[in-house]
Amino acid sequence: MATIEDDDERLLARIGYKQELRREFTKWSTVSYAISILGVLGSQPATYGVPISLGGPATAVWTWFIGSVMAMVIASCVAELVSAYPTAGGMYFVTKHVVPEKHVAIWAWTIGWCNFLGQATGVASLAYTIGQMILAGASMNSGYADGTYAYSPTPAQTVLVAILTLLVFGSICSLTTKALHRIVLWFAPINILATISICIALLVLTPDKRSARFVFTDIEDYSGWGSKGFSFLLGFLNVAWVMTDYDGTTHMSEETHDAAIRGPLAIRLAVLVSGILGWVLNITFTFCLTPNYMEDIVKSPTGLPIAQIFLNAGGKSGGSAMLFFVILVQFFTGASALLANARMTYAFARDEALPFSGFWSKVNKTTGTPVNAVWLVVIFCCILNLIGIGSTETIYAIFNLCAPCLDLSYVAVLFAHLVYGNHSQVRFIEGPFTLGRWSKPLNILAISWVLFISVVLFFPTTRPVTATNMNYAIVVAGFVGLFSFGWWWAGAGRKYTGPRTQDIMEIVATTEPDDYA
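Keep in mind the model is a prediction, meaning the values are calculated, not measured.

## Points about the environment of Leu117
Next up, step 1: As for its placement among the helices and strands, Leu117 is situated in helix α7 (residues 104–140).
Next up, step 2: According to the relative accessible area criterion, Leu117 is buried, its value standing at 11%.
Next up, step 3: Once the C-alpha coordinates of Leu117 and Asp407 are considered, the two residues, 290 residues apart in sequence, prove to be 12 Å apart.
Next up, step 4: When neighbours within four sequence positions are excluded, Leu117 is seen to be in contact with Leu401, Cys405 and Val480.

## Notes on helix α10 (residues 187–205)
Next up, step 1: The first and last C-alpha atoms of α10 sit 26 Å apart over 19 residues, in line with the 27 Å expected at 1.5 Å per residue.
Next up, step 2: Taken together, the buried residues of α10 touch α2 (27–38), α3 (40–47), α9 (177–184), α14 (259–287) and α16 (305–350).

## Considerations on the packing of aromatic side chains
Next up, step 1: The full count for this structure, using the stated rule, is 31 aromatic pairs.
Next up, step 2: Ring plane angle 45 degrees and centroid distance 5.0 Å describe the contact between Phe65 and Trp279, whose orientation is recorded as tilted. Placement of Phe65 in helix α5 (residues 57–84) and of Trp279 in helix α14 is noted, with a sequence separation of 214 residues between them.
Next up, step 3: Here Trp113 and Phe116 contribute two aromatic rings whose centre-to-centre distance is 5.7 Å and whose plane-to-plane angle is 85 degrees, an arrangement assigned as edge-to-face. Taken as a pair, Trp113 and Phe116 lie in helix α7 at a separation of 3 residues, close to a single helical turn. Considered together, Trp113 and Phe116 belong to a single accessibility category, that of buried residues.
Next up, step 4: An aromatic cluster is built from Tyr92, Trp109, Trp113, Phe116, Phe348, Phe380, Trp488 and Tyr496, whose rings are joined through pairwise contacts.

## Looking at the nonpolar core
Next up, step 1: By size, the foremost hydrophobic cluster in this structure holds 144 residues, and its most contacted members are Leu166, Leu202, Ile309, Phe310 and Leu338.
Next up, step 2: When residues of this core are assigned to their parent elements, the largest contribution, 18 residues, is made by α16.
Next up, step 3: Once residues lying within four places of it in the same chain are set aside, the contact partners of Leu202 are Thr284, Phe285, Cys288, Ile309, Phe310, Ala313 and Met322.
Next up, step 4: Core analysis: the second largest hydrophobic core is formed by 16 residues, Leu354, Trp360, Trp488 and Tyr496 among them.

## Some details on the side chain of Arg210
Next up, step 1: Tracing the sequence through the fold places Arg210 in the loop between α10 and α11 (212–217).
Next up, step 2: Separated by 3.1 Å, the side chains of Arg210 and Asp208 make a polar contact.
Next up, step 3: From its side chain, Arg210 meets the backbone oxygen of Leu289 in a polar contact 2.7 Å long.
Next up, step 4: Ignoring anything within four residues of it in the chain, the contact list for Arg210 reads Thr286, Phe287, Leu289, Thr290 and Pro291.

Rules used throughout
- Residues numbered from 1 in each chain as written.
- Predicted model: local features only at pLDDT ≥ 70, side-chain atom pairs only at ≥ 80, totals over all residues.
- Heavy atoms only, no water.
- Helix = DSSP H or I, 4+ residues; strand = E, 2+ residues; numbered from the N terminus.
- Buried < 20%, exposed > 50% of the residue type's maximum accessible area, 1.4 Å probe, protein only.
- Contact = heavy atoms within 4.5 Å.
- Expected span 1.5 Å × (residues − 1).
- Phe/Tyr/Trp six-rings, centres within 6.5 Å; stacked < 30°, edge-to-face > 60°.
- Core = buried A, V, L, I, M, F, W, Y, C linked by side-chain atoms within 4.5 Å.
- Polar contact = N/O pair within 3.5 Å; in protein donor to acceptor, adjacent residues only side chain to side chain.

Take a look at the structure:
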């Protein structure tokens with residue numbers, strides 16, 4: 001008879017799953033992975049132009065600060081729940097233990113698809129921004145005359161680079177967990193050191209820097225909504241896109257030693273480190289703006305505001321070097337995000353929530369990882385990026401779903417935990433990490449914030465609203481919602497029962513490690 005030889009496998013068995021994946025991630029690779037999936041140096045520069053073009057320089061600084069504080073609140077609430085049930089399904093699986101049994105299927109279905117879509121659009125957008133950055137670097141190093149560069153990338157070229165990037169992501173994520181552990185260990189150190197180095201280089205090399213008053217107090221209404229306050233709120237798109245996917249680390253729980261302890265620690269530490277580094281980056285970038293930044297930076301001929309800031313400070317060679325490290329860290333983030341998305345797909349398929357679930361949940365015998373799930377995510381993200389060839393507005397709308405879908409999938413579980421906490425059919429057993437008496441107020445705060453900011457982020461960012469600048473994220477979200485629930489009512493609801501656990505403890509003998517001494 002098979003045996004359970006360690007506490008991690010025993011806990012997973014008590015939850016109701018058999019150990020299929022290999023536990024190779026250590027404390028440091030888990031922390032490095034958590035920091036890299038947020039990837040501030042890569043993701044923050046990609047969207048820095050949004051807050052300054054909508055609400056001015058101080059909007060970029062203070063929306064990041066406030067957003068990071070709220071991200072820590074949400075992440076702490078998420079950490080508390082996944083500490084109790086550390087599985088590859090993350091918050092999706094927790095649903096099983098926070099709602100009454102008769103409601104589990106519909107709740108898990110909704111949260112699972114919301115989480116999958118949010119992660120997939122995040123991966124696709126990361127690959128797309130890498131394409132933008134690489135081609136912006138090529139443009140930056142081409143000839144410059146009459147206010148334009150000799151090379152200007154087309155949407156099709158950006159999509160092509162994005163697809164090639166996704167293929168590389170897929171190849172990396174198909175490796176063994178041991179190999180992934182060795183690679184991921186380097187992600188966070190490079191991210192942190194490169195961030196500090198670039199901040200120092202920009203402050204030293206930029207010849208004409210702005211005043212502290214400009215950086216910290218200048219809020220404008222460039223959105224056209226007629227309100228500085230609302231333009232300021234629209235600036236949260238930057239921090240919302242970067243500081244999310246908190247449960248990404250928990251999707252690696254079945255490959256991590258002491259996941260119930262190390263996962264929550266890594267989540268909170270990653271948000272703290274990324275929040276501080278991102279704020280320092282925002283302040284540094286804003287000090288390096290030009291007096292006429294709306295024309296010189298936001299409308300830069302490179303196509304990427306941050307590339308122009310690098311170019312102004314370091315010239316072609318120095319600017320290219322800084323951009324290289326931004327692209328490298330963004331690549332780390334993309335690979336980490338795809339890895340989390342693949343593990344979520346594996347968990348979702350394991351519970352029969354996808355077509356051909358048996359194929360997608362299969363663990364490769366050679367690598368010991370769900371390789372099929374990896375390539376399902378790659379194919380899906382490639383299809384999403386192909387939309388960018390025909391419509392830039394539509395692809396941006398799809399990418400804008402990342403933060404709302406992920407954050408709403410988290411707070412839905414938090415809401416259920418609050419509502420059904422005392423229900424007779426709900427038996428939630430706390431894990432090693434708990435918020436104690438702060439749990440309920442922080443959960444309420446997290447839910448309120450996500451609902452509020454999600455509504456704001458679905459608004460068009462500029463007025464007057466036209467077919468070109470319309471925020472189509474709400475339209476895409478509605479379409480996906482109709483598809484998901486249409487499929488549910490068409491037949492999936494009769495087959496899908498929620499996370500499919502079984503009483504492993506009754507069929508697998510448990511053996512203490514000392515018994516093998």
